[in-house]
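# Structural overview for review
These are the residues of each chain, in order.
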Amino acid sequence: MCKKVVVILVSISLVLVLSACAELKHTGKEIGHTTKKVTTAIGHGTRDTVKAIGHGTKEVINDIKEDD
């Protein structure tokens, strides 16, 4: 009788542990994908800002050269 109870408790524990692992894996994936999206957005924003500054600087330099 005692062995049956132990087997049942161990089985239930294993099922709970496996389901918890699946939830942790899913949560990890969500965090990873969100981090990737945010990092990509920051990178693209930075790239676009640097390009805009570069183009603006180039126009100012060309205007100065034309005035000479």
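First things first, this report covers the structure right here in the doc.

About the cut-offs
Starting from 1, residues in each chain are numbered consecutively following that chain's sequence as written. In keeping with the model being predicted, local features are shown solely for residues with a pLDDT of at least 70 and side-chain atom pairs are shown and tallied solely at 80 or more, while totals for entire chains, interfaces and linings include all residues. Computation of side-chain values: all heavy atoms of the structure, hydrogens and water removed. Runs of H or I in DSSP of at least four residues are treated as helices and runs of E of at least two as strands, each being numbered from the N terminus. We compute the radius of gyration from the C-alpha atoms alone; for a globule the expected value is 2.2 Å times N to the 0.38, where N is the number of residues. The Shrake-Rupley method, run with a 1.4 Å probe, gives the accessible areas here. Residue values count only the displayed protein chains as cover. Residues counted as positive are Lys and Arg, residues counted as negative are Asp and Glu, and His and the chain ends are not counted. Charged side chains are reduced to one point each, which is NZ for Lys, CZ for Arg, CG for Asp and CD for Glu. Pairs of N or O atoms within 3.5 Å make up the polar contacts considered here, provided that, within protein, one atom can donate a hydrogen while the other can accept it, and that residues adjacent in sequence are counted only when both atoms are side-chain atoms. A pairing counts as a salt bridge when a side-chain nitrogen of Lys or Arg comes within 4 Å of a carboxyl oxygen of Asp or Glu. Each residue gets one of three labels from its accessible area relative to the maximum for its type: buried under 20%, exposed over 50%, partly exposed in between, using a 1.4 Å probe on protein chains only. Surface patches are drawn from residues lacking salt bridges whose relative accessible area is over 30%; two like charges belong together within 9 Å, two nonpolar side chains (Val, Leu, Ile, Met, Phe, Trp, Tyr) within 5 Å.

## Some points on the overall build of the protein
Per the secondary structure count, the protein includes one helix and zero strands. The C-alpha radius of gyration computed for the protein amounts to 29 Å, which surpasses the reference 11 Å derived for 68 residues by more than 25%, pointing to a less compact arrangement than a globule. Projected onto its principal axes, the C-alpha positions of the protein cover 100 × 10 × 5 Å. In the form shown here, the protein has an accessible surface area of approximately 6300 Å², with 69% of it arising from carbon and sulfur atoms. Side chains of the protein carry 10 positive and 8 negative charges; the gap between the two charge centres is 28 Å.

## With respect to the environment of S13
As for its position among the elements, S13 is in helix α1 (residues 2–67). Sequence-wise, S13 and V38 are 25 residues apart; in three dimensions their C-alpha atoms are separated by 37 Å. Separated by 2.8 Å, the side chain of S13 and the backbone oxygen of L9 make a polar contact.

## Considering the pattern of salt bridges
A full pass over the atoms with the stated rule returns one salt bridge. Note that R47 is salt-bridged to D48, the shortest N-O span being 3.3 Å. In this structure R47 comes out as partly exposed when scored by relative accessible area, which is 41%. For D48, a relative accessible area of 41% puts it in the partly exposed group.

## Some details on a negative patch on the surface
Taken together, the side chains of E59, D63, E66 and D67 make up a negatively charged region of the molecular surface. With respect to the helices and strands, D67 occurs in helix α1.

## Re the environment of C21
Inspection of the secondary structure assignment puts C21 in helix α1. Taking the C-alpha atoms as reference, C21 lies 37 Å from T46; in sequence the two are 25 residues apart.

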